[in-house]
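Read off the chains here:
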Amino acid sequence: MAGRAIWKGYIHFKDVDVPVKLHTAVKEERIQFHLLHSRDRIKLKQQLVCAYEKVPVPVEEQTRGFELEKGKYLIVDPSELELAEPEDSRVIEVHEFVKTAQIDPVFLERVYYLEPDIPAKAYNGLASAMSEMDVAGICTWTMRKRSYVGALKVSGQVLRLNTLRYADEVIPADSLELKNIPLSEKELKIGSDLINQLTAPFQPQKFENEHQKKLHVLIDKKARGEKIAILRPRRLKPTASNKLLEALEASLKKVA
Amino acid sequence: MDYYRRISPFILPHLKDRALTLKRYPNGVEEEYFYEKRCPSNRPSWVKTARITRDEGEQMTVCLVNDLDTLIWVENLASLELHVPLARAGSPETPDSMVFDLDPGDSANVLDCARVALILRDLLLELKLASYVKTSGRKGLHVYVPLNRRDATFEDTKKFSKSVSEVLQHNYPDLVTAKMAKELRKQKVFINWSQNDHSKTMICVYSLRAREKPVVSFPLTWKELEDSASRRDPGRLQVLHSEALSRVEKEGDLFRDVLVKKQKLPYL
Amino acid sequence: MKNPRSAPLLSKLSANRGKDAAEQGIWSGTISFSLVAIPVRLVRAVEPGRVSFRMLHSRDYSPLLRRMVCPEEEKIVPAGEIIRGYEITPGKYLLITDEELESVSPERSRTIEIIEFIDMKDVDSIYYDHPYYLVPLKGGEKSYALLAEVMRRANKAGLAKFVLGEREYLVAVKSTGSALSLITLHYRDEILGDEDITPEEARIEPEETSRMKRIIKGMISDFNPDKYADKRREKILTLLKKKARETSPVEAPEVEEEEGEGPADLIAMLQKSMRKVKKNR
């Protein structure tokens, strides 16, 4: 079941208006740990403390500063920041459509399901058109005092809204400054063969969060007072450059 | 030297039972000097001594200037300046006072020290601690907080004075520094809290200072300091030995309370 | 990808991000496929563009830090006194050490083992969680380059699981240019179903679809993220520039962040007294 509806708006471009409701699409399950004081096992809370006096500081004594240079700050009042907040509107404005494949996954942030209003005529038409053309709509909207850029996508018959990262929030791969290493044809051929041998269709249902299960087991064991075996993390020995071909060939033999 | 003979009733209580560090000027104040902690072996038999253990574990005999004769003898060793630790020889880990050694940077002066000393006094008063100030005999001032308690430790006095110095630096960053680095000190007054240590010594009150003029490390009243600061007149903040003698005869030992007042450091 | 908004005053927002990212490793270990093992470091691939502010103490502008505090004593708890617990019943905790946590999946906390390769086209983008880059460590450059190149040519990504901190992730390792990037994926059961919001009227009206297709066709373009700017961020930067012109910044006092050392209570009490003294002067 989809998550609850968190916002209402309508998709707009040219003379098209599609009213929709946003629902969360992902729910992460995690075991919650708490941080405690070793002395008395009281649950700790995270607070802002003064770096100088080293005591917690109440909210009335907290102020926001923008660091201009080291040690020098411009003080900003929350009311000033409020003026910078965009006007809330309910419009998800689509500016252009692009081929879905052009959007590198690094830009995708959060995803929401869009629920149609009744009648769903425009919604259905848009969904099937986008599906047939394999396109995504690049759009902007404001929600809860923040401005977003996103991609309107389709999956099956359901429209989704994916928030995108801004261009300068993505660190370009070239900035990693990787060296250019020459590779032999033989290495590349065996590498490619190896990949082919290990290729399988993507079946996400195969994968379970085993760690969570094991954590539950650990917790149960401890709760019962059982001893926990401490296993050391395994570290693999890196493959030396001059042994690469050898390792590839041995791997291929193993899987073929 | 006649000065020491005449000041002896006032200076002896402050020297009593303390391991003396002699600062010797064998060839006069313009020439070289050296510090000597060990009591010279060719001392007269009546010179009182104590055995103390140094940091490395070795034992050492030190002079205790407990009477006039010893004072004169020390004087004759051309030891113009008398430096003593904050603790007495019998209990070398127990400071009798906590001290704030105010040392002006190259472009600061004794009036800046006066300002800092007055702020320090006010803060100490707020903490219910009485304090007493003396001239260092050079450019600085020394503020003493008497404790005179058996449970006082250098660990506490060092911790406390360091924290006070940091708080002053934090609140008066253009005037005060708690850091030793010379580059940071130029126009500021450095509060040398690290003097609160068993291995450190301070110039004894009423001691002469080896300078061209016979200046003395002399106690001042807070009022004098306030007046000098407000009038921006450093004149009263340098006391010559002649003035010292006439003042003690009129006013007695202004530093007497440092020896007897019992106080406890709060918040430790 | 340039930041069109950089001004000398506020250039710190855009300069040199990539370099910093590569230097800040989040995790280091080995990535393997079959018998090939490559030592790597995991680094960030994205950085929030939000204008970041520092929280300061309004009294004297000392910077504020986030620390764990004991709610009863209202005091900071030093790192050495902090332990991890799992709440079995309200108020009752089971202690778990770092070693015990690591021992849950020991093979996975230092190794990303690629078990199979998949076609990225087959992956519904809803599975994507967070992107990172992998950077080769000394000795692994050649194997790294090989993996990146063969995956690029085959247009495939490697699927693996690995443990970071308290969590185990399903990840896709793919090539981006000549680099390897890693994207954490959501598990199948973390993806919520969309059946209940699928329109009931499954009928698709051909004229409506054609109408849409016509309009869409007129709006086709190439994906260029540079076109879109964070409006809120721009407004805040404008506000800050104006402030910088019209007011002078405050100076935050120098604070030595000594952890665990220093009599914290003492300083706080002395500061309190100092404030009184200043008021009376």
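Residues numbered from 1 in each chain as written. Chains lettered and ligands numbered in written order. Predicted model: local features only at pLDDT ≥ 70, side-chain atom pairs only at ≥ 80, totals over all residues. Heavy atoms only, no water.

S.K.: Help me understand the overall build of chain B in this model?
M.R.: In terms of regular secondary structure, chain B is built from seven helices and 15 strands. Counting all 268 residues of chain B, 56% fall into the buried class. Taking all contacts inside chain B whose residues are at least 6 apart in sequence as the whole, residues at least 24 apart take part in 70%. For chain B, the exposed surface amounts to about 12300 Å²; the carbon and sulfur share of it is 47%. (Helix = DSSP H or I, 4+ residues; strand = E, 2+ residues; numbered from the N terminus. Buried < 20%, exposed > 50% of the residue type's maximum accessible area, 1.4 Å probe, protein only. Contact = heavy atoms within 4.5 Å. Areas by Shrake-Rupley, 256 points an atom, 1.4 Å probe, with all protein chains shown as cover.)

S.K.: Help me out: how do you make sense of the overall build of chain C in this one?
M.R.: Along chain C, the regular secondary structure elements total seven helices and 13 strands. Within the structure as shown, chain C displays about 13600 Å² of accessible surface, and the carbon and sulfur contribution to it stands at 47%.

S.K.: Looking at this structure, how should I read a negative patch on the surface?
M.R.: Taken together, the side chains of E30, E31, E32 and E212 of chain B present a region of like negative charge at the surface. Turning to its location among the elements, E32 of chain B is positioned in the loop between β1 (21-24) and β2 (34-36). (Patch = residues over 30% accessible without salt bridge, like charges linked within 9 Å, V, L, I, M, F, W, Y side chains within 5 Å. Salt bridge = Lys/Arg side-chain N within 4 Å of Asp/Glu carboxyl O. Lys, Arg positive; Asp, Glu negative; His and termini not counted. Charge placed at Lys NZ, Arg CZ, Asp CG, Glu CD.)

S.K.: Help me out: how do you make sense of the state of the cysteines in this one?
M.R.: Linking two cysteines covalently via their sulfur atoms produces the bond known as a disulfide. All names here are of chain B. In this structure the tally under the stated criterion is one disulfide over all chains. The disulfide bridge from C39 ends at C63, spanning 2.0 Å between sulfur atoms. Note on the C39 and C63 pair: the S-S dihedral is about 100°, so by sign convention the disulfide is right-handed. Of this pair, C39 sits in the loop between β2 and β3 (48-53) while C63 sits in strand β4 (residues 59-64); the two residues are 24 residues apart in sequence, bridging distant segments of the chain. (Disulfide = S-S within 2.5 Å.)

S.K.: Looking at this model, I keep getting lost on the sheet that holds strand β5 (residues 62-69) of chain A. Mind explaining?
M.R.: Think of a sheet as strands paired side by side through backbone hydrogen bonds, with each pair either parallel or antiparallel. Across the sheet, which stays open at both edges, the four strands sit in the order β3(C)-β5(A)-β6(A)-β13(C) with antiparallel pairing between neighbours. Of all the strands in the sheet, just β3 (54-57) and β13 (250-251) of chain C have a single pairing partner and so form its edges. Pairing analysis gives two bridges linking strand β6 (residues 72-76) of chain A to β13 of chain C, with the strands arranged antiparallel. What sits directly across from K72 of chain A, in β13 of chain C, is E251 of chain C. (Pairing = 2+ DSSP bridges.)

S.K.: Is there a simple way to think about the sheet that holds strand β4 (residues 64-70) of chain C in this case?
M.R.: Ordered in space as β4(A)-β4(C)-β5(C), the three strands form an open sheet in which the pairing is antiparallel. Since the sheet does not close on itself, it has two edges, and those belong to β4 (45-50) of chain A together with β5 (75-76) of chain C, each with one partner.

S.K.: What's the story with unusual backbone geometry in this structure? I'm lost.
M.R.: As a rule of thumb, non-glycine residues mostly have phi less than zero, and peptide bonds are mostly trans rather than cis. Unlike most non-glycine residues, K128 of chain B shows phi in positive territory, near 65°. Tracing the sequence through the fold places K128 of chain B in the loop between α3 (110-126) and β7 (132-135).

S.K.: Is there a simple way to explain the interface of chain C and chain A in this structure?
M.R.: It is common to give the size of an interface as the accessible area that goes away when the parts come together. Each side of the interface is counted separately: chain C has 181 residues, and chain A has 170 residues. Note on chain C versus chain A: buried area summed over both sides is about 16900 Å², and carbon and sulfur give 64% of it. It is K142, F223 and Y228 of chain C that lose the most area in chain C upon contact with chain A, and together they represent 5% of the buried surface on that side. Viewed at the interface, chain A and chain C are joined by 12 salt bridges. For E132 of chain A, the salt bridge goes to K213 of chain C, with nearest N and O atoms at 2.5 Å. Where chain C meets chain A, there are 53 residue pairs in polar contact (both at pLDDT 80 or more). Examining the composition of the side of chain C that touches chain A, we find that 11 residues originate from one element, helix α4 (residues 141-154) of chain C, more than from any other. Considering only residue class, the side of chain C that touches chain A consists of 87 nonpolar, 30 polar and 64 charged. Judged from the six bridges that link them, β4 of chain A and β4 of chain C form a sheet pairing that is antiparallel. Pairing of Q46 of chain A across the sheet is with M68 of chain C, part of β4 of chain C. (Buried area = accessible area lost by both parts, 1.4 Å probe. Polar contact = N/O pair within 3.5 Å; in protein donor to acceptor, adjacent residues only side chain to side chain. Nonpolar A, V, L, I, M, F, W, Y, C, P; charged D, E, K, R; others polar.)

S.K.: Teacher, can you tell me more about the pairing of strand β5 (residues 79-85) of chain B here?
M.R.: Along a regular strand, successive side chains alternate from one face of the sheet to the other. Residue and element names in this part refer to chain B. Burial analysis of β5 places seven of its seven residues in the buried class, the great majority of the element. Alignment of β1 against β5, held across four bridges, turns out to be antiparallel. Looking at β5, one finds that T21 is bridged to H83. As defined by bridge partners, β5 adjoins strand β11 (residues 201-203) across three bridges and the pair is classed as antiparallel. Residue pairing across strands places P85 opposite T201, the latter belonging to β11.

S.K.: What is the right way to look at the pattern of salt bridges in this model?
M.R.: As a working rule, side chains carrying opposite charge can pair if their charged atoms are close by. Residues and elements named next belong to chain B. Under the defined criterion, the tally for this structure stands at 40 salt bridges over all chains. Residue E166 pairs with K162 through a salt bridge whose shortest N-O separation is 3.4 Å. Remark: K162 and E166 occur in helix α4 (residues 154-171); sequence separation between them is four residues, near one turn of the helix. By relative accessible area, which is 26% here, K162 ends up partly exposed. Through salt bridges that share partners, E224, R236, R247 and E251 make up one connected network.

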